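# Structural overview for review
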Amino acid sequence: MTGGVGMSDEPMVCEGEREPDPSGSLRTFGAVVQALRENAGLSRAEFGELVRFSKHTVESVELGRRMPDESFVELAEEVLGNTGALRRSARFLTRGEAGLAAWFRRWARLERVAVSLCTYECRLVPGLLQSEGYARAVFEGTVPVAPDDQMESFMDQRMERQRMLFERPTTPFSFIVEEHVFRRRFGDAAQMRGLFAHVLELSAPRNVTLQIVPVEAGLHACLDGPLQLLEIPRGQRLAYSEGQQNGRLISDPKEVSLLHQRYDTLRSQALNAQDSRGLLERLRGEL
C-alpha cells in the first residue's frame with residue numbers, strides 16, 4: 001500500500017468504540033453449540049464433563065471467543081445427537097485476521113492508512129521490526145500454545161505487516177525501543193545476529209527512524225508501558241496501549257495529546273538514530 005488514501009477508505013473511529021468482536025463464524029458456531037446443549041438439558045459444567053473440557057472453555061466456545069479444538073468438536077457432536085452439524089460447520093471456522101489478537105485488529109487496519117506511525121516498546125522487539133526467527137519464537141512461546149496448523153498463517157500475517165515500511169516510502173515510521181529488549185536472548189547466536197541484521201535493514205530507509213533508550217538513561221516519561229501513536233489522512237490523531245490480554249484504542253484528543261508529549265520527551269532522552277544503529281552493530285559483534 002502506498003499513501004494517498006481517500007477519506008472514504010479510512011476506518012471510522014468513535015470515542016468509546018470497542019475493539020472488533022470475534023469472527024462471525026466463531027460466534028455462529030458457538031451459538032449452535034449453546035442451543036444444542038440447552039436443548040439437551042445440560043448445564044455448561046455438565047456438558048464440560050462430557051466433552052472433557054472445563055465449563056470456562058465451554059463458555060468461551062459458546063461466546064465465540066475461542067477456536068474449538070478438534071477433540072471438542074468430535075465429543076460435542078457425540079454428546080449432542082451426532083447430527084453432523086457441528087463437524088461440518090467446524091470446517092468453515094475462521095479467526096478473522098490470523099495472527100492478530102482480536103483487540104489489535106482495528107489498530108492494524110488504521111496502520112494501513114496512517115500518514116505517520118510512532119511506536120514505543122519496552123517488552124519485545126516491535127512486530128514491524130521482528131525477524132522471522134524472532135517472530136516464530138514469540139508465537140511458540142505464547143500461552144496457550146499456538147496450534148501447529150495455524151503457525152504459518154500467524155507468521156504470514158506478521159511478515160505481511162512489515163511490507164508497509166518499504167511500500168510507503170513517504171510515510172514516517174518512528175520506533176523507540178529500550179536497550180534491554182535487544183539484549184534479551186532467544187535461540188542461538190546465529191538467530192540473534194539475524195535479528196540485529198533484520199532490524200538494521202528495516203530501519204535503514206530514510207522514512208524509518210529507530211532510537212534506542214540506553215539502560216543508563218534511567219527513568220523516563222513512558223514508563224507506564226508500550227505505546228503506539230498514529231495520524232490518519234483527515235488529521236485525527238489516535239493512540240493504542242496494550243496489556244496482557246487486552247488493548248485499548250484511544251481517541252480522546254486530550255489523552256492522545258498527553259501521550260504525544262510523553263513520546264516527544266522520550267525522543268530527547270533516547271540515543272539518536274546513528275548512535276542507535278551503532279549500538280545494534282556492537283551487540284551483533286559481541287555474539
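Residues numbered from 1 in each chain as written. Predicted model: local features only at pLDDT ≥ 70, side-chain atom pairs only at ≥ 80, totals over all residues. Heavy atoms only, no water.

### Quick look at the packing of helix α2 (residues 44-51) against helix α4 (residues 70-79)
- For the pair α2 and α4, interaxial distance at closest approach is 9 Å and the crossing angle is 115°. Considering their axes alone, α2 and α4 lie roughly perpendicular with respect to each other. Here α2 and α4 pass one another in a crossing that is right-handed. Facing Phe-47, Leu-50 and Val-51 of α2, the residues of α4 in contact are Phe-72, Leu-75, Ala-76 and Val-79. (Axes fitted to C-alpha atoms, helices over the stretch in contact; angles between N-to-C directions. Helix = DSSP H or I, 4+ residues; strand = E, 2+ residues; numbered from the N terminus. Parallel < 35°, antiparallel > 145°, perpendicular 65-115°, else oblique. Left-handed = near helix turned anticlockwise from the far one by under 90°. Contact = heavy atoms within 4.5 Å.)

### Thoughts on the environment of Gly-64
- With respect to the secondary-structure elements, Gly-64 resides in the loop between α3 (55-62) and α4.
- Residue classification places Gly-64 among the buried positions, given a relative accessible area of 0%.
- Sequence spacing of Gly-64 and Thr-28 is 36 residues, and the spatial spacing of their C-alpha atoms is 7.4 Å. (Buried < 20%, exposed > 50% of the residue type's maximum accessible area, 1.4 Å probe, protein only.)

### Re the nonpolar core
- Trp-107, Phe-182 and Leu-280 are the most contacted members of the largest nonpolar core, which totals 36 residues.
- Put simply, the parts of the chain that give this core at least two residues each are α6 (105-111), α9 (164-167), β2 (173-178), α10 (179-183), α11 (189-202), β3 (208-213), β5 (237-242) and α13 (273-285).
- For this core, the element with the most residues is α11, which contributes 6 residues.
- With residues up to four places along the chain from it excluded, the contact list for Leu-280 reads Phe-182, Phe-196, Val-199, Leu-200, Leu-210 and Ile-212.
- Listed in part, the 16 residues of the second largest apolar core include Phe-29, Val-33, Val-73 and Leu-86. (Core = buried A, V, L, I, M, F, W, Y, C linked by side-chain atoms within 4.5 Å.)

### Points about the pattern of salt bridges
- Under the defined criterion, the tally for this structure stands at 15 salt bridges.
- Among the ionic pairs, Arg-44 bridges to Glu-59, the shortest N-O distance being 3.8 Å. Taken together, the residues Arg-44 in helix α2 and Glu-59 in helix α3 connect sequence positions 15 residues apart.
- Here Arg-44 falls in the partly exposed class, since its relative accessible area comes to 22%.
- Overall, Glu-59 belongs to the partly exposed group, its relative accessible area being 27%.
- Between Arg-248 and Glu-255 there is a salt bridge whose closest N-O contact spans 2.6 Å.
- Owing to a relative accessible area of 28%, Glu-255 belongs among the partly exposed residues under this scheme. (Salt bridge = Lys/Arg side-chain N within 4 Å of Asp/Glu carboxyl O.)

### Here we look at the packing of aromatic side chains
- Counted according to the given criterion, the structure contains 5 aromatic pairs.
- Look at Phe-53 and Phe-72: their rings are 5.4 Å apart centre to centre, the planes differ by 65°, and that puts the pair in the edge-to-face class. Here Phe-72 lies in helix α4 and Phe-53 lies in the loop between α2 and α3, a separation of 19 residues in the sequence. Neither Phe-53 nor Phe-72 differs from the other in exposure class; each is buried.
- Judged by centre distance (5.1 Å) and plane angle (85°), the ring pair of Tyr-134 and Phe-186 falls under edge-to-face. On the criterion of sequence distance, the pair formed by Tyr-134 in helix α7 (residues 132-140) and Phe-186 in the loop between α10 and α11 is long-range, its members being 52 residues apart.
- Its relative accessible area of 11% is what places Phe-186 among the buried residues.
- Through successive ring pairs, a cluster of aromatic residues spans Phe-47, Phe-53 and Phe-72. (Phe/Tyr/Trp six-rings, centres within 6.5 Å; stacked < 30°, edge-to-face > 60°.)

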